[in-house]
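What follows is the residue order along each chain.
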Amino acid sequence: TPPVEPMIIAWAGRLPGDDEAEPPAVCVHDLRTGETRRLEGTDGADTLVFSPDGQSIAFHWDDPSSNRDAVRRVSVDGGPVLTICESDKADAFSSYFLFWDQPGRVLLLKSTPFRLVSVSINSGEQTELGELSGVEQVYGIGSPVAAGNGVIFVAGYGPTGSIACTLDLESLEVRLLREVAVRPRAGDRPRCRRACPAEGAHEGGLARAVLPHQSD
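If you're wondering where the values come from, they're calculated on a predicted model, not measured in any experiment.

**So, the sheet that holds strand S5 (residues 56-62)**
If you trace the 4 strands from one edge of the open sheet to the other, you get S4-S5-S6-S7, paired in antiparallel fashion. Either end of the sheet is taken by a strand with one partner, and the two such strands are strand S4 (45-50) and strand S7 (82-88). Strand-to-strand twist in this sheet, taken as the mean axis angle between neighbours without regard to direction, amounts to 20 degrees. Of the strand pairs in this sheet, strand S6 (residues 68-75) and S7 are connected by 6 bridges, and their pairing is antiparallel.

Right, dumping it as structure tokens:
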């Protein structure tokens, strides 16, 4: 099977030349055309993930002036922004953990204690799947990426470090893998999945690439 090249890269942040006072938004870069755009109606985005078919983007949205946060979705081509679900900040979702593993649901994380929540894409109905085990030494869980029957993510660990972990989506058990010496500081170049646009093409946020569908 030949390697599959990413078609679109998306990140939550700003475009070169944007005013620093401009709020972060969902930005997309099309590797086929070279076009880079900021999607309207996505101001306030801070974490994002592609749908399994690569046609939509779900993102966490936070309004500092309100007592609510939300998970919303938008087509990679832009258009209407739809709210998947909302939450009171007293019991808010982790703004860094967002995983779209099936066409009909996204997985979110709530803390104190860490609980995995399944949210219906269509109805917004929330179902708590249970508490995570093995997370006594970590904090700030985020940036999940698919790995076998679960996900791999990075979490805060110790006073200044981070650690790579896996989460089994059936048992909800977390395993600590390898410690990273220093956690990235605010303003550092964002981490990227699979590919990044050219140097300086984005500021802040986590870049993610969507791959074209390929049958076996």
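**Points about the sheet that holds strand S10 (residues 115-120)**
Strand order in the open sheet made by the 4 strands is S8-S9-S10-S11, with antiparallel pairing throughout. Looking along the sheet, the strands with just one partner apiece sit at the ends: strand S8 (93-102) and strand S11 (126-131). Adjacent strand axes in the sheet meet at a mean angle of 25 degrees when their direction is disregarded. In this structure, strand S9 (residues 105-110) lies alongside S10, joined through 6 bridges in antiparallel fashion. What sits directly across from Leu 108, in S10, is Val 117.

**A few points about the environment of Glu 22**
Along the polypeptide, Glu 22 turns up in the loop between strand S1 (8-13) and strand S2 (25-30). You can call Glu 22 partly exposed: its relative accessible area is 31%. The spacing of Glu 22 and Gly 44 is 22 residues in sequence and 9.6 Å in space, taken between C-alpha atoms. Excluding anything up to four places from it in sequence, Glu 22 contacts Arg 14 and Arg 38.

**Overview of the confidence of the model for the protein**
For the protein, mean pLDDT is 79; residues scoring 70 or higher make up 78% of the total. Of the regions scoring below 50 in pLDDT, residues 183-207 engages in 60 contacts with residues more than four places distant in sequence or in other chains. Across residues 211-216 the pLDDT falls below 50, and counting only partners more than four positions away or on other chains, this stretch makes 11 contacts in the model.

**Description of unusual backbone geometry**
Of note in this structure, Leu 172 is not a glycine but carries a positive phi near 60 degrees. Classification of Leu 172 by relative accessible area gives buried; the value is 5%.

**Focus on the pairing of S1**
Of all the 6 residues making up S1, 6 are buried; the element is thus mostly covered by neighbouring parts of the structure. Alternating positions in S1 separate into two faces, Ile 8, Ala 10 and Ala 12 on one and Ile 9, Trp 11 and Gly 13 on the other, with burial throughout. Summarising the sheet, S1 and S2 pair through 6 bridges and their orientation is antiparallel. Looking at S2, one finds that Ile 8 is bridged to Asp 30.

**Looking at the packing of aromatic side chains**
The final tally for this structure, using the stated rule, is 1 aromatic pair. Here the aromatic rings of Phe 97 and Phe 153 are separated by 6.5 Å at their centres, their planes lie at 75 degrees, and the arrangement is edge-to-face. In this pair, Phe 97 sits in strand S8 while Phe 153 sits in strand S13 (residues 150-157), placing the two residues 56 residues apart along the sequence. We note that Phe 97, like Phe 153, is buried.

**Quick look at the side chain of Ser 87**
Along the chain, Ser 87 falls in strand S7. With near-sequence residues (within four places) excluded, Ser 87 lies in contact with Asn 67, Arg 68, Asp 69, Ala 92, Phe 93 and Lys 110.

**Comments concerning the environment of Ser 120**
Here Ser 120 is to be found in strand S10. Judged by relative accessible area, which is 23%, Ser 120 ranks as partly exposed. Once the C-alpha coordinates of Ser 120 and Pro 103 are considered, the two residues, 17 residues apart in sequence, prove to be 9.4 Å apart. When residues no more than four places from it in sequence are discounted, the contact partners of Ser 120 are Ile 84, Gly 104 and Glu 125. A distance of 3.4 Å separates a polar side-chain atom of Ser 120 from the backbone nitrogen of Asn 122.

Definitions and cut-offs
- Residues numbered from 1 in each chain as written.
- Predicted model: local features only at pLDDT ≥ 70, side-chain atom pairs only at ≥ 80, totals over all residues.
- Heavy atoms only, no water.
- Pairing = 2+ DSSP bridges.
- Helix = DSSP H or I, 4+ residues; strand = E, 2+ residues; numbered from the N terminus.
- Axes fitted to C-alpha atoms, helices over the stretch in contact; angles between N-to-C directions.
- Buried < 20%, exposed > 50% of the residue type's maximum accessible area, 1.4 Å probe, protein only.
- Contact = heavy atoms within 4.5 Å.
- pLDDT = per-residue confidence, 0-100.
- Phe/Tyr/Trp six-rings, centres within 6.5 Å; stacked < 30°, edge-to-face > 60°.
- Polar contact = N/O pair within 3.5 Å; in protein donor to acceptor, adjacent residues only side chain to side chain.

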